[in-house]
Amino acid sequence: MFDLNGKVAVVTGSTKGIGKSIAYSMAALGAKVVISSRKADACEEVSKELTNQGFEAKSIPCHIGRKEDLEKLVSETQKEFGKIDVLVCNAATNPVYGPMQQASDEAYDKIMDTNVKSVFQLCKLVCPDMAARKDGVVIIISSIGGFKGSKNLGLYSLSKAAEQQLVRNLAVEWGPVSYTHLRAHETRHDLVCRLLLE
């Protein structure tokens, strides 16, 4: 496949499911992996699983809905490893199931803050250094729901469509600055859309 030796990867929502699988795969390819989710004990557990298998991992808990936590995630990673080569924005939420008409303003804010605003904020924190080093990859985990309407997952799908546009904008804004070395990718559960900044 490819070699991630010497690379540092931050994976949000990496204590279970897709995020955990991504973290394990990157560690197996040689990356130093930062395990991150809201619960500190879960982060520590996955980090220990990786280190017990001979991989290099660090646990940094982060509630992605809090900007101060995002800043801490980035600063602690840079303090420990000196850089971030790969940012995987995987963490997301969907607290409602049903028509948008029945959803509260609070539910809308929570979904958009967690699924979109946090990704926007993380990219603002990480992309400038990647561009300065002319090396880096941003991977945003989206969903096929971002392409079509849904009777019961409308707000979630809306947030995922916004993420897809965020990837396109990252490509436009950072491509010329980083001379094609900073890449943004959007990954959905059943297909992959690579938006290379070139």
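Provided above is the structure to which this section pertains.
Analysis parameters
Residues numbered from 1 in each chain as written. Predicted model: local features only at pLDDT ≥ 70, side-chain atom pairs only at ≥ 80, totals over all residues. Heavy atoms only, no water. Buried < 20%, exposed > 50% of the residue type's maximum accessible area, 1.4 Å probe, protein only. Helix = DSSP H or I, 4+ residues; strand = E, 2+ residues; numbered from the N terminus. Pairing = 2+ DSSP bridges. Right-handed = clockwise from strand over helix to strand, strands pointing away. Axes fitted to C-alpha atoms, helices over the stretch in contact; angles between N-to-C directions. Left-handed = near helix turned anticlockwise from the far one by under 90°. Contact = heavy atoms within 4.5 Å. Nonpolar A, V, L, I, M, F, W, Y, C, P; charged D, E, K, R; others polar. Core = buried A, V, L, I, M, F, W, Y, C linked by side-chain atoms within 4.5 Å. Salt bridge = Lys/Arg side-chain N within 4 Å of Asp/Glu carboxyl O.

Here we take up the pairing of strand 1 (residues 8-12). Of all five residues making up strand 1, five are buried, and the element is well covered by its neighbours. Judged by which residues are buried, strand 1 turns out to be covered on both faces: Val8, Val10 and Thr12 on one side and Ala9 and Val11 on the other are all buried. Where strand 1 meets strand 2 (residues 32-36), five bridges bridge the pair, whose relative direction is parallel. Among the inter-strand pairings, Val8 is bridged to a residue of strand 2, identified as Lys32. For the crossover that starts at strand 1, traverses helix 1 (residues 17-28) and ends in the parallel strand 2, the hand is right-handed. With three bridges joining them, strand 1 and strand 4 (residues 86-89) adopt parallel strand pairing. Bridging across to strand 4, Val11 finds its partner in Val88.

How two helices pack is summed up by the angle between their axes together with the distance between the axes. Running from N to C, helix 3 (residues 67-81) and helix 4 (residues 105-133) point in directions that differ by 35°, and their axes come no closer than 10 Å. Crossing of helix 3 over helix 4 shows right-handed handedness. Across from Lys67, Leu70, Glu71, Leu73 and Val74 in helix 3, the residues of helix 4 making contact are Ser118, Gln121, Leu122, Leu125 and Val126. Here the contact of helix 3 with helix 4 is composed, by residue class, of six nonpolar, two polar and two charged.

Here the phi dihedral of Lys134 falls at roughly 55°; this positive angle occurs in a residue that is not glycine. With respect to the helices and strands, the residue Lys134 is situated in the loop between helix 4 and strand 5 (136-141).

Another aspect to go through is the nonpolar core. Leu73, Leu87, Leu122, Cys123, Val138, Ile140 and Leu170 are the most contacted members of the largest nonpolar core, which totals 27 residues. For this core, the element with the most residues is helix 4, which contributes seven residues. When sequence neighbours within four positions are dropped, the list of residues in contact with Leu122 reads Thr12, Leu70, Leu73, Val74, Leu87 and Cys89. By size, the runner-up hydrophobic cluster in this structure holds 20 residues, among which are Ile22, Leu29, Cys43 and Ile141.

Two side chains with opposite charge may pair up if their charged atoms get near one another. Under the definition given, this model contains eight salt bridges. Among the salt bridges present, the one from Lys7 reaches Asp135, with a minimum N-O distance of 2.7 Å. Taken together, the residues span a long stretch of sequence, with Lys7 in the segment before strand 1 and Asp135 in the loop between helix 4 and strand 5 at a distance of 128 residues. A salt bridge links Glu80 to Lys58, with the nearest nitrogen and oxygen atoms 3.9 Å apart. Pair noted here: Glu80 is in helix 3 and Lys58 is in strand 3 (residues 57-59), with a separation of 22 residues, a long-range link.

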